[in-house]
Amino acid sequence: MSNGDILVIGSMNMDLVVQTGRYPDKGETIIGKDFDQIPGGKGANQALAVGKLGGSVSFIGACGNDNFGDELLSSLKTGGVNVDNVFRVEENTGIAAITVEEDGDNRIIVVSGANSKLSSSMIDKLEDEIKEVEAILLQMEIPLKTIVHTIELAHQYQTTVILDPAPAQELPEDIYEQIDYLLPNEGELELLLQDYNLTTTQEQVDQLLDWGVGTILLTRGKNGIILYTKGRQEHYKAIEVEAVDTTAAGDSFAGAFAYGLQQGWSEEKAIKFGNQVAALVVTKLGAQSSLPTIEDVEEFKQERGLE
């Protein structure tokens, strides 16, 4: 993939983040430690990850005509993302209620709001953009019909399709052959194939490759990444860090991987770079607030003696 625009299509949410020592039991009230309001949403996070690294990126999404929408657009613009094609709709901007525990683990509830209004007809209005870009990066916090329609349109124009299938739900079998890169974690991999009685990761991966997915990057948190293609399997180690908050780790990896491909790097180099970015992200609180610049990544690599 040569240099060219990355187009991210997806969700934008305001993250309402509560820090707490532990998650409350059913019916229990506990006192939290801190509260923050941080721009997020899987699509917006991935777009901003590319923008802050210095990549050429545009974002298509939907938000409300409210203060949260204004703040989300401002966050993206400031980070170098083109937001000319974000739709303002008569619906509240999406939110995510996030509880972060002391060990950095999180629990997230998303209320889609305006994200649910991003329709196939809106995407059709922007067909020229899809035709021109080098790659499209998608997630699954917008309507499934819109995702499938976008993949079909991108495939028609031979645009590289990268799908982060989160939050996971079943996709039509015939859409997989139009996906160049699929980036599930282990739980999402199971959910994609929950009706197929496949008991091992290898069986699940083989099924998706048989359906025509180009490359699967199985993200495994602190256990790294496994790349699968037909007849090939490579393991890439994660970088050990002290996790503060794992929010946006997967989003930052997806954005950084797409950025790497945009730079013309090999898959291996792009994956290693994505791992470095994700490691840096989990050392800070929040989604977009934790995303690094290319200078931050270079400094981190120097400190840790990474290639």
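Computed from a prediction, not measured in an experiment: that's the story for all the values here.

A. Local environment of the pattern of salt bridges. Scanning all chains against the criterion turns up twelve salt bridges. Between Lys-117 and Glu-91 there is a salt bridge, and its shortest N-O distance comes to 3.8 Å. Of this pair, Lys-117 sits in the loop between β9 (106–111) and α3 (120–125) while Glu-91 sits in the loop between β7 (87–89) and β8 (94–100); the two residues are 26 residues apart in sequence, bridging distant segments of the chain. Residue classification places Lys-117 among the partly exposed residues on the basis of a relative accessible area of 40%.

B. Fine view of unusual backbone geometry. With an omega dihedral of -10 degrees, the bond running from Ala-166 to Pro-167 counts as a cis peptide bond. Even without being a glycine, Gln-158 presents a positive backbone phi close to 55 degrees. Mapped onto the elements of the fold, Gln-158 is located in the loop between α5 (144–156) and β11 (160–163). Phi is positive for Asn-197, which is not a glycine, with a value near 55 degrees. Of note, Asn-197 is situated in the loop between α6 (186–192) and α7 (201–211).

C. Spatial organisation of the packing of aromatic side chains. Within this structure, the stated rule accounts for seven aromatic pairs. On the basis of an interplanar angle of 70 degrees and a centroid distance of 5.1 Å, the ring pair of Tyr-196 and Trp-211 is categorised as edge-to-face. With a gap of 15 residues between them, Tyr-196 in the loop between α6 and α7 and Trp-211 in helix α7 connect regions that are remote in the sequence. On the basis of relative accessible area, Trp-211 is assigned to the buried category, the value being 16%. A ring pair is formed by Trp-265 and Phe-273, whose centres lie 5.1 Å apart and whose planes are at 80 degrees; its orientation type is edge-to-face. On the basis of relative accessibility, which here comes to 3%, the residue Phe-273 falls in the buried class. The positively charged end of Arg-107 is found above the aromatic ring belonging to Tyr-23, 4.0 Å away from the centroid.

D. Spatial organisation of the pairing of strand β13 (residues 215–219). Taken across its five residues, β13 has five buried, putting it largely inside the fold. Side chains of β13 alternate between two faces, with Thr-215, Leu-217 and Thr-219 and Ile-216 and Leu-218 buried alike. For strand β12 (residues 181–182) and β13, the ladder comprises two bridges, and the chain directions are parallel. Looking at β13, one finds that Leu-182 is bridged to Ile-216. In this structure, β13 lies alongside strand β14 (residues 225–229), joined through four bridges in antiparallel fashion. Bridge pairing in β14 links Leu-217 to Leu-227. A loop of five residues connects β13 with β14, the two strands running antiparallel in sequence, and Gly-221 in this loop sits at a positive phi of about 55 degrees.

Thresholds applied
- Residues numbered from 1 in each chain as written.
- Predicted model: local features only at pLDDT ≥ 70, side-chain atom pairs only at ≥ 80, totals over all residues.
- Heavy atoms only, no water.
- Salt bridge = Lys/Arg side-chain N within 4 Å of Asp/Glu carboxyl O.
- Helix = DSSP H or I, 4+ residues; strand = E, 2+ residues; numbered from the N terminus.
- Buried < 20%, exposed > 50% of the residue type's maximum accessible area, 1.4 Å probe, protein only.
- Phe/Tyr/Trp six-rings, centres within 6.5 Å; stacked < 30°, edge-to-face > 60°.
- Lys NZ or Arg CZ within 6 Å of the ring centre and 35° of its normal.
- Pairing = 2+ DSSP bridges.

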